[in-house]
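Commentary on secondary and tertiary structure
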2 protein chains.
Amino acid sequence: MDKVGKYLFMSEPFHCDFSKRLFMGHLGNHMLNAADFHSSERGFGMTYLNPIHKTWVLSRLAIEMEEMPEQYTRFYVETWVESAMRYFTNRNFRVVGEDGTIYGYGRSVWAMIDTGTRQPQDIMAVRDGEIVNWIETEKECPMEKGSRVRMSGNAELVRTIDTHYNDVDVNGHINSVKYIEHVLDLFSLDNYRENRIGRFEIAYVAESYYGDRLSFFREETADGEYCVRIVKTNPENLKEVEVCRSKIVFVKK
Amino acid sequence: MDKVGKYLFMSEPFHCDFSKRLFMGHLGNHMLNAADFHSSERGFGMTYLNPIHKTWVLSRLAIEMEEMPEQYTRFYVETWVESAMRYFTNRNFRVVGEDGTIYGYGRSVWAMIDTGTRQPQDIMAVRDGEIVNWIETEKECPMEKGSRVRMSGNAELVRTIDTHYNDVDVNGHINSVKYIEHVLDLFSLDNYRENRIGRFEIAYVAESYYGDRLSFFREETADGEYCVRIVKTNPENLKEVEVCRSKIVFVKK
């Protein structure tokens, strides 16, 4: 089996925005699916891990796009493991059209945890570190790694939302893709008429749950560059905890 | 070509709820995709209609499920035209597993409009009414048709939301699937722990747009049966217009 997995998707009409191009949230979903298929087919996916009480947790996702696939376009998400350490793996993505058009790239960082204790697990202890046999170092991913999203204390509270049934994933947490959608919903349609998303980055810091109230703090850190911090408020004890940080770089169309 | 189209989908992990079964909104999306593929392959889809300034508009959708496909399940959405009149067509759906398990059925009503004037168009005037050659009357769809959702004046305002970037579809309207999600978000996770959706029904009355504020009025019309009316408020003139009516029948798990 090839070290690089390649999965076909389509830019479905109801997954496209007003400009008839795929929403970033749906692209993120396709990448997470590709990661899941790739790891399962190679013996280190959820199907192997869950019965031994372990699971992958997405820690960071960064996506850089030249353009988004248009409505009805078929495209591949290629994915491979660039490196694996004791507690983290780096997984890359390339989004490429059937005709060879390169739409963009992605980088992600994953941790492995115990599903009972939620503690980090030694990835090299799983199947004698067999994951290293799948590491692909030749394939290029010409985009910057995700860096720590730096924010000053000046970020402004721009929205607070309650979490609902459709926000909750199979693990009972707020769905990773929904955070992407909620962050991108902080910007007006006029903004998306004039700009496209050049780079999107999100770091998952803590998990949030149904009933948590999410507050979004936003700061413009450079021209067209925004950082967003999501803070959850527990409805019972009103404790506030940071759950995500995101950075969005808009590019003039 | 067969009168019945059959399209393979998968119950993707991020499209499943906390019970690891497909969300109703995503099933609705698969049905709309199946309808689109089926009509395009047979010459009366958007690809043919849009260049002649016409389009299909979904008027009603009703779905009855025995169960929802579990995470990772592959299933088919079958679809066919049951009848076609001058201004409306009835299109049915059957959701069936690769192993033959019947998950449920759907019924939908579509109108054709002129994309410029937004006026109803005579379906029989398109390609000399060729759509009638695709009518399939033998295949069963053992569920009730959508009926007018009757509500008293006692429905209670249960939520008001603003519409955002991710709510807007390729036509600049609020996405038909998003209404389904917003309606189902009116019910608590506890409700979904105890009940599954036996029947879901939505009638699209008027279009709403980015910036419209949506108010949800809900009424329990029988034990486990709820009707929801969605009203849009134009942010400029504060005019209120009904945009959708929905009925949800919950069944004890």
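If you look chain A up in an unreviewed UniProt entry, it shows as Acyl-[acyl-carrier-protein] thioesterase from Xylanibacter muris. The Sequence similarities (unreviewed entry) comment attached to chain A in UniProt states, word for word, "Belongs to the acyl-ACP thioesterase family."

Quick word on the sheet that holds strand S5 (residues 102–114) of chain B
In any sheet, the strands associate via hydrogen bonds between backbone groups, in a parallel or an antiparallel arrangement. Residues and elements named next belong to chain B. Pairing in this open sheet of 10 strands is antiparallel, and the strands run S1-S3-S4-S5-S2-S7-S10-S9-S8-S6 from one edge to the other. For this open sheet the edge positions go to strand S1 (5–10) and strand S6 (156–162), each flanked by a neighbour on one side alone. Sheet twist, expressed as the mean angle between neighbouring strand axes with direction ignored, is 25°. Across six bridges, S6 lies against strand S8 (residues 213–222) in antiparallel orientation. Across the sheet, the residue bridging to Ile 161 is Leu 214, located in S8. Along the sheet, helix H3 (residues 176–184) contacts strand S2 (54–65), S6, strand S7 (195–204), S8, strand S9 (225–233) and strand S10 (240–252); its crossing angle with S7, the most-contacted strand, is approximately 135°.

Details of empty space enclosed by the protein
Evaluated as defined, the whole model comprises four cavities of 30 Å³ or more. By volume, the largest cavity amounts to about 230 Å³. In terms of lining residues, the largest cavity is bounded by 19 residues, among which His26(A), Lys178(A), Glu181(A), His26(B) and Glu181(B) are the most central. Counting only elements with at least two residues in the lining of the largest cavity, the list comes to helix H1 (24–41) and helix H3 (176–184) of chain A together with helix H1 (24–41) and H3 of chain B. In the lining of the largest cavity, the residues fall into five nonpolar, 10 polar and four charged.

A few points about the UniProt feature "domain: Acyl-ACP thioesterase-like C-terminal" (unreviewed entry) in chain A
Mapped onto this numbering, the UniProt entry annotates "domain: Acyl-ACP thioesterase-like C-terminal" (unreviewed entry) at residues 158–219 of chain A. Note that residues 158–219 of chain A is 24% helix and 35% strand, and that its end C-alpha atoms are spaced 10 Å apart.

Details of the nonpolar core
The nonpolar side chains of soluble globular proteins are, as a tendency, buried together. Judged by nonpolar contacts, the single largest core of 122 residues is most densely connected at Met24(A), Leu27(A), Ile248(A), Met24(B), Leu27(B) and Ile248(B). By residue number, the principal contributor to this core is H1(A), which donates seven residues. Apart from the residues within four sequence positions on either side, Ile248(B) is in contact with Val183(B), Leu184(B), Phe187(B), Ile197(B), Arg199(B), Phe200(B), Gly224(B), Glu225(B), Tyr226(B) and Val228(B).

Topic: the domain arrangement of chain A
All names here are of chain A. Split into domains, chain A comes out as domain 1 (5–134) and domain 2 (156–252). On a C-alpha basis, the centroid separation for the pair domain 1 and domain 2 is 20 Å. At the junction of the two partners, domain 1 supplies 17 residues and domain 2 supplies 19 residues. Interface area, domain 1 with domain 2, both sides summed: about 1500 Å², of which 58% is carbon and sulfur. The largest per-residue losses of area from domain 1 upon contact with domain 2 belong to Phe 18, Met 24 and Leu 61, which jointly make up 32% of the total buried on that side.

Structural notes on the sheet that holds strand S5 (residues 102–114) of chain A
Residues and elements named next belong to chain A. Pairing in this open sheet of 10 strands is antiparallel, and the strands run S1-S3-S4-S5-S2-S7-S10-S9-S8-S6 from one edge to the other. The outermost strands of the open sheet, each flanked by one partner alone, are strand S1 (5–10) and strand S6 (156–162). In this sheet, neighbouring strand axes are inclined to one another by 25° on average, regardless of whether the strands run parallel or antiparallel. Direction of pairing for strand S2 (residues 54–65) relative to S5: antiparallel, over a ladder of 11 bridges. Note on S5: the bridge partner recorded for Arg 60 is Val 109. On top of the sheet, H3 reaches S2, S6, strand S7 (195–204), strand S8 (213–222), strand S9 (225–233) and strand S10 (240–252); it is set at about 135° to S7, its chief contact.

Thoughts on the packing of H1(B) against H3(B)
For any two helices packed against each other, one specifies the crossing angle of their axes together with the interaxial distance. All names here are of chain B. Packing of H1 against H3 leaves a shortest axis separation of 9 Å and a crossing angle of 160°. By the angle class used here, H1 and H3 are roughly antiparallel. Handedness of the H1/H3 crossing: right-handed. Listed contacts from H3 to Met 24, Gly 25, His 26, Asn 29 and Leu 32 of H1 are Ser 176, Val 177, Ile 180, Glu 181 and Leu 184. Looking at the contact of H1 with H3 residue by residue, the class counts come to five nonpolar, four polar and one charged.

Thresholds, definitions, all that
- Residues numbered from 1 in each chain as written.
- Chains lettered and ligands numbered in written order.
- Predicted model: local features only at pLDDT ≥ 70, side-chain atom pairs only at ≥ 80, totals over all residues.
- Heavy atoms only, no water.
- UniProt positions renumbered as here; feature names shortened; annotations may be inferred.
- Pairing = 2+ DSSP bridges.
- Helix = DSSP H or I, 4+ residues; strand = E, 2+ residues; numbered from the N terminus.
- Axes fitted to C-alpha atoms, helices over the stretch in contact; angles between N-to-C directions.
- Contact = heavy atoms within 4.5 Å.
- 1 Å grid on protein atoms, 1.4 Å probe; cavity = no way out; pocket = protein on both sides within 12 Å on 5 of 7 lines; lining within 4 Å.
- Points joined across faces, edges and corners; volume = space filled by probe spheres on them.
- Nonpolar A, V, L, I, M, F, W, Y, C, P; charged D, E, K, R; others polar.
- Core = buried A, V, L, I, M, F, W, Y, C linked by side-chain atoms within 4.5 Å.
- Buried < 20%, exposed > 50% of the residue type's maximum accessible area, 1.4 Å probe, protein only.
- Domains from an automatic or database assignment.
- Buried area = accessible area lost by both parts, 1.4 Å probe.
- Parallel < 35°, antiparallel > 145°, perpendicular 65-115°, else oblique.
- Left-handed = near helix turned anticlockwise from the far one by under 90°.

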